[in-house]
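So the chains spell out like this:
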Amino acid sequence: MVFKRRDKRPFWRAVADFMWPRGGWARAFTYIKHRLHRLPDPPHRIARGIFAGVFTTFTPFYGLHFVVAALLAWVLRGSIPAALLGTFFGNPLTYVPIGVVSLQTGHFILGRTGPGEDEVRRSLGGKFLDAGDDLRNNFLAIFSEHEADWHSLHVFYDEVFFPYMIGGIIPGIITALICYYLSLPVIQAYQNRRKGALKAKWEAMKEKKALKADAKPKQD
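One numbering rule holds for all chains: residues counted from 1, following each sequence as written. Note on the predicted model: pLDDT of at least 70 is required for a residue's local features to be given, and 80 or more for side-chain atom pairs to be given and counted; whole-chain, interface and lining totals, by contrast, use all residues. Derived side-chain values reflect all non-hydrogen atoms in the structure, with water molecules and hydrogen atoms excluded from consideration.

Here we come to the overall build of the protein. Note on conventions: DSSP H or I runs of at least 4 residues are helices, E runs of at least 2 residues are strands, and numbering of each starts at the N terminus. Helix and strand counts for the protein come out as 9 helices and 0 strands. Ordered by position from the N terminus, the helices and strands of the protein form the series α-α-α-α-α-α-α-α-α. Out of the 220 residues belonging to the protein, those deemed buried represent 34%. A sequence separation of at least 24 residues applies to 68% of the contacts in the protein between residues at least 6 apart. Only the protein chains shown count as cover for residues, and the accessible areas themselves come from Shrake-Rupley with a 1.4 Å probe. Within the structure as shown, the protein displays about 15,300 Å² of accessible surface, and the carbon and sulfur contribution to it stands at 65%. Note on exposure labels: buried denotes an accessible area under 20% of the residue type's maximum, exposed denotes more than 50%, and partly exposed covers the range between, all computed with a 1.4 Å probe on protein chains only. In what follows, residue pairs with any heavy atoms lying within 4.5 Å of each other are defined as contacts.

This is how it looks when you write it as structure tokens:
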């Protein structure tokens, strides 16, 4: 495969690189910024894609953020590559504050007492693992005499997934709009500057070619 790594990374290295890229998060963000600037789509389409990607990070569909961002960008007629890059707004540095804000907002909207930050971590960690254990055990129960138990999944949906899904809408839209309006003029300025540089380079090539054409008869 063309894009397959030659040196296969061990699992622990893949996890470590995800938590902290080798060049640091500043370099990773710089790379994403340059990739966004170099996309061939018009600025408003790229900005819509960024909106879709950033908003998706406020949804509880972990593992499906690329799919959700691409679908939302398609609905908004935005750039799908920009949406995929925009999902990197959600990373190990931002997932905890995103989860805290989304869950607390969701519990507030639903009229419940919002959990504290330590409880949020336990919700996103412990309760998520409990729900995964339920799924695994219930699947194995199909082939054994054990009874299926959906208690942890019910707790996860009621206390984490549903409040997260409802609560992430408002802060997700606000954050995505901020990123949209910040990125749009920057992308416009970058593309205009790049067009000017390419035009100047093309004019220089034409002038150089014309000078060579004028100099050729004199040599004869």
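We are not done yet, so read on.
A separate point is the packing of aromatic side chains. By convention, a stacked pair of Phe, Tyr or Trp rings (six-membered ring in the case of Trp) has centres within 6.5 Å and planes under 30 degrees apart, an edge-to-face pair has planes over 60 apart, and any other such pair is tilted. Counted by the stated rule, this structure contains 9 aromatic pairs. Taking the centre distance of 5.4 Å and the plane angle of 70° together, the rings of Tyr62 and Tyr95 count as edge-to-face. Of this pair, Tyr62 sits in the loop between α3 (43–56) and α4 (65–75) while Tyr95 sits in helix α6 (residues 95–109); the two residues are 33 residues apart in sequence, bridging distant segments of the chain. What makes Tyr95 partly exposed here is its relative accessible area of 21%. One aromatic cluster in this structure is built from Phe61, Tyr157, Phe161 and Phe162.

The next subject is helix α8 (residues 151–167). Since the α-helix advances by 3.6 residues per turn, residues separated by three or four positions end up pointing in the same direction. In this model α8 runs 23 Å from its N-terminal to its C-terminal C-alpha over 17 residues, within 8% of the 24 Å that 1.5 Å per residue would give. Tyr157 marks the point of greatest bend in α8, at about 40°. The complete set of buried residues in α8 reads Ser152, Leu153, Val155, Phe156, Val160, Phe161, Pro163, Tyr164 and Gly167. Multiplying one less than the number of residues by 1.5 Å gives the expected span of a helix. Two axes define the bend at a residue: one fitted to the seven residues ending there, one fitted to the seven starting there, and the bend is the angle between them.

The phi dihedral of Arg77 falls on the positive side, at around 60°, and the residue is not glycine. Of note, Arg77 is situated in the loop between α4 and α5 (80–86). With relative accessibility at 65%, the residue Arg77 sits in the exposed group.

Geometry of a packed helix pair, given as the angle between the helix axes and the separation of the axes. Two numbers describe how α3 lies on α4: the axes approach to 8 Å, and their chain directions differ by 140°. The handedness of the crossing between α3 and α4 comes out as right-handed. Between α3 and α4, the residues in contact are Ala52, Gly53, Phe55 and Thr56 and His65, Val68, Ala69, Leu72 and Ala73, respectively. The axes used here are C-alpha line fits, helices contributing only the stretch in contact, and every angle between their N-to-C directions lies in the interval 0 to 180 degrees. Left-handed describes a crossing whose near helix is turned anticlockwise from the far helix through less than a right angle; right-handed describes the clockwise counterpart.

Once that is clear, we can look at the nonpolar core. The biggest cluster of nonpolar side chains holds 13 residues, and the ones touching the most others in it are Ile46, Ile50, Val54, Ala82, Ala176 and Tyr180. When residues of this core are traced back to their parent elements, those giving at least two are α3 and α9 (169–219). Looking at which element gives the most residues to this core, the answer is α3, with 6 residues. Residues enter a nonpolar core if they are buried and are Ala, Val, Leu, Ile, Met, Phe, Trp, Tyr or Cys, with the set joined through side-chain atoms within 4.5 Å.

Another point: the environment of Glu147. Locating Glu147 in the fold gives a position in the loop between α7 (117–141) and α8. Residue Glu147 is classed as exposed on the basis of its relative accessible area, which comes to 76%. Here the alpha-carbon distance between Glu147 and Asn137, two residues 10 residues apart in the chain, equals 9.0 Å.

Time to look at α3. With 14 residues, α3 extends 20 Å between its outermost C-alpha atoms, agreeing within 8% with the 20 Å of an ideal straight helix rising 1.5 Å per residue. Counting buried positions over the 14 residues of α3 gives 11, a clear majority of the element. Those residues of α3 that sit buried are Pro43, Ile46, Ala47, Gly49, Ile50, Phe51, Ala52, Gly53, Val54, Phe55 and Thr56.

A surface patch of nonpolar side chains, about 1,100 Å² in accessible area, is lined by Phe108, Ile109, Leu110, Ile169, Ile170, Ile173, Ile174, Leu177, Ile178, Tyr181 and Leu182. Elements with a minimum of two residues in the nonpolar patch: α6 and α9. For the nonpolar patch, the element with the most residues is α9, which contributes 8 residues. Tracing the chain through its elements places Ile178 in helix α9. Taking the relative accessible area as the measure of exposure, Ile178 reaches 47% and is therefore partly exposed. Patches here: salt-bridge-free residues with over 30% relative accessible area, like charges joined within 9 Å, nonpolar side chains (Val, Leu, Ile, Met, Phe, Trp, Tyr) joined within 5 Å. When a carboxyl oxygen of Asp or Glu lies within 4 Å of a side-chain nitrogen of Lys or Arg, that pair is called a salt bridge.

Don't take any of this as a statement about function, it's just geometry.
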